[in-house]
Amino acid sequence: MKVLISGASVAGPVLAHWLHRNGFEPTIIERTPELRHGLGGHAVDLFSSAAEVTRWMGCWDAIDAARTRIEAMTIERFGRPPVEVDLSRMYAGISSSHVEILRGELTRILYDATRGTAEYVFGDSIASLHDDGNGVDVTFDSGTERRFDLVIGADGLHSNVRRLAFGPEEPLRRWLGGYLAVFSMPDIFDVGNHTLAHMSVDKLVGIYGVHQTGQTRSGFFFRTPQELRYDYRDKDEQKALLVKEFSNYGWKAPQLLEHLESAEDFYFDSIAQITLDTWTSGRIGLVGDAGYCPGPAVGGGTSLAVVTAYVLARELAAARSDLVSGLKNYERIIRPLVESSRRIGPKLMGTIIPGSPLALRLMPFAAAALPKLPTSVQRFIWSQNAVGKTLSSVDLLQPEVGQPVA
């Protein structure tokens, strides 16, 4: 059976791997002319459940080798002494399998693991979809027409498949009050395997090292009273918004912004959720951020994408003779996971971007104190945390070696 997957970032390749393993023929369509992998993108986390899925795919060794290796963080605030946080002990306290990795590195590893078993089509996108109940006729921007048994949107927060099959983005989007910008630059502050962060009420500026290149990644988080209006495809407009927001911030922000124009991997977006009530429609479905983005940088979206892509492939394999039922079963199984993940982002926003003077005072000391606890205590605390509970709430049913997922 032929399945078209839109999006070649994280959920798409994971889904393609497990579909191929179960005898499906996956095709991945990607709008960009070539894969945006390598060392671009911000750092993302793979928590225990997602790490297990990548281990079963045979990708874990490569992922572990590509981890960011950030060992410590210094948190600074105006008029207060810096606070040191031992990140290596914090990560150990989360899980023995947890890893932080650049999104571009993860994308490269997943692509390398699937390019021999999935058809990749770059530089094209879906123009129209027609589901006649027995299959989906797809017309591409290039003019090509093809028919598939299923179409799955794995194309992120601004999903094209979601727009075509479920309607425009605006009514389905819940803004959480903030924005995120990330870009690469030379290591002018000799950061190395370290993170420097500066906080104020409603703003955070961070710098962390990229050991593979000797560069650093600069991150800017901020809140605004009202949602900003801008074109998410217009990088120049987004850069101007960022400069306006931080031009008078102080600390190291002016030096960081001097490298904004030369950055080739600039990323800017709102911290927002997708709040669809259903992620399937006939023979069309959504997975990962396309269906239920919990909020960039605040909701564990990368791990959620990996886990749900695995579950989707498993349910399609189990319902091979009735793929629509397989989609519905997938939706039923992940619903508690998605609903729980939606509650994470609004809570973490106040931690990542302090929203009050009290939060600004308390957050650094809480971050510094946690890694000093015994590992067993940290893991218990993590297991009770919203993210930990959410990503451990689905039984993944480990496949036997050489056997289908179902």
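Enquirer: So what's going on with the pairing of strand β1 (residues 2–6)? Which residues, and what values?
Expert: Across the 5 residues of β1, 4 count as buried, placing the element largely inside the fold. Note that β1 and strand β2 (residues 25–30) share 5 bridges and pair parallel. Across the sheet, the residue bridging to Leu4 is Thr27, located in β2. Crossover handedness for the path β1 to helix α1 (residues 11–21) to β2: right-handed. Where β1 lies against strand β11 (residues 150–153), 4 bridges are found, and the strand directions are parallel. Among the inter-strand pairings, Ile5 is bridged to a residue of β11, identified as Ile152.

Enquirer: Explain the sheet that holds strand β4 (residues 72–77) to me, and be specific about the residues and the numbers.
Expert: Spatial ordering of the open sheet is given by β5-β4-β13-β14-β15-β12-β16, a layout of 7 strands whose pairing is mixed. Two strands lie at the open edges of the sheet, namely β5 (80–86) and β16 (267–274), each paired on one side alone. Between one strand and the next, the sheet's axes are offset by a mean angle of 20°, whatever the strand orientation. Sheet topology note: the strand β12 (residues 173–186)/strand β15 (residues 215–223) ladder contains 9 bridges and is antiparallel. Across the sheet, Ser184 pairs through a bridge with Arg217, a residue of β15. Where helix α11 (residues 323–352) meets the sheet, it contacts β12, β13 (194–200), β14 (203–210), β15 and β16, and its direction lies at approximately 60° from that of β12.

Enquirer: Could you give an account of the packing of helix α2 (residues 48–56) against helix α10 (residues 301–318), naming the residues involved and the relevant values?
Expert: Where α2 contacts α10, the axes come no closer than 8 Å and their chain directions differ by 55°. By the criterion of interaxial angle, the relationship of α2 to α10 is oblique. The handedness of the crossing between α2 and α10 is left-handed. For the pair α2 and α10, the contacting residues are Ser49, Ala50, Val53, Thr54 and Trp56 in the first and Ser303, Val306, Val307 and Tyr310 in the second. The class makeup of the residues in the contact of α2 with α10 is 6 nonpolar, 3 polar and no charged.

Enquirer: For the packing of aromatic side chains, give the residues involved together with the corresponding values.
Expert: Considering all chains together, one arrives at 19 aromatic pairs under this definition. Between Tyr120 and Phe122, the aromatic rings sit 5.7 Å apart at their centres with planes inclined by 15°, giving stacked as the arrangement. What makes Phe122 partly exposed here is its relative accessible area of 25%. Ring geometry for Phe222 and Phe268: centres 6.3 Å apart, planes at 40°, overall tilted. Here Phe222, found in strand β15, pairs with Phe268, found in strand β16; they are 46 residues apart in sequence, far enough to count as distant. A relative accessible area of 0% means that Phe222 is categorised as buried. Among the aromatic side chains, those forming a connected cluster through ring pairs are Phe78, Trp175, Tyr179, Phe183, Phe220, Phe222, Tyr230, Phe246, Tyr249, Phe266 and Phe268. The aromatic ring of Tyr232 is capped on one face by Arg233, whose charged end is 5.1 Å from the ring centroid.

Enquirer: Go over the pattern of salt bridges, please, and point to the residues and values.
Expert: According to the stated counting rule, one finds 18 salt bridges in the structure shown. Taking the shortest distance from any N to any O, the salt bridge between Glu105 and Arg108 comes out at 3.1 Å. Of this pair, Glu105 and Arg108 both sit in helix α5 (residues 103–114), 3 residues apart, roughly one helical turn. On the basis of relative accessibility, which here comes to 26%, the residue Arg108 falls in the partly exposed class. A salt bridge links Glu227 to Arg173; the shortest N-O distance between them is 2.5 Å. On the criterion of sequence distance, the pair formed by Glu227 in the loop between β15 and α7 (235–246) and Arg173 in strand β12 is long-range, its members being 54 residues apart. On the basis of relative accessible area, Glu227 is assigned to the partly exposed category, the value being 22%. Each member of the salt-bridge network shares a partner with another, and the members are Glu105, Arg108, Asp112 and Arg115.

Definitions and limits used
- Residues numbered from 1 in each chain as written.
- Predicted model: local features only at pLDDT ≥ 70, side-chain atom pairs only at ≥ 80, totals over all residues.
- Heavy atoms only, no water.
- Buried < 20%, exposed > 50% of the residue type's maximum accessible area, 1.4 Å probe, protein only.
- Helix = DSSP H or I, 4+ residues; strand = E, 2+ residues; numbered from the N terminus.
- Pairing = 2+ DSSP bridges.
- Right-handed = clockwise from strand over helix to strand, strands pointing away.
- Axes fitted to C-alpha atoms, helices over the stretch in contact; angles between N-to-C directions.
- Contact = heavy atoms within 4.5 Å.
- Parallel < 35°, antiparallel > 145°, perpendicular 65-115°, else oblique.
- Left-handed = near helix turned anticlockwise from the far one by under 90°.
- Nonpolar A, V, L, I, M, F, W, Y, C, P; charged D, E, K, R; others polar.
- Phe/Tyr/Trp six-rings, centres within 6.5 Å; stacked < 30°, edge-to-face > 60°.
- Lys NZ or Arg CZ within 6 Å of the ring centre and 35° of its normal.
- Salt bridge = Lys/Arg side-chain N within 4 Å of Asp/Glu carboxyl O.

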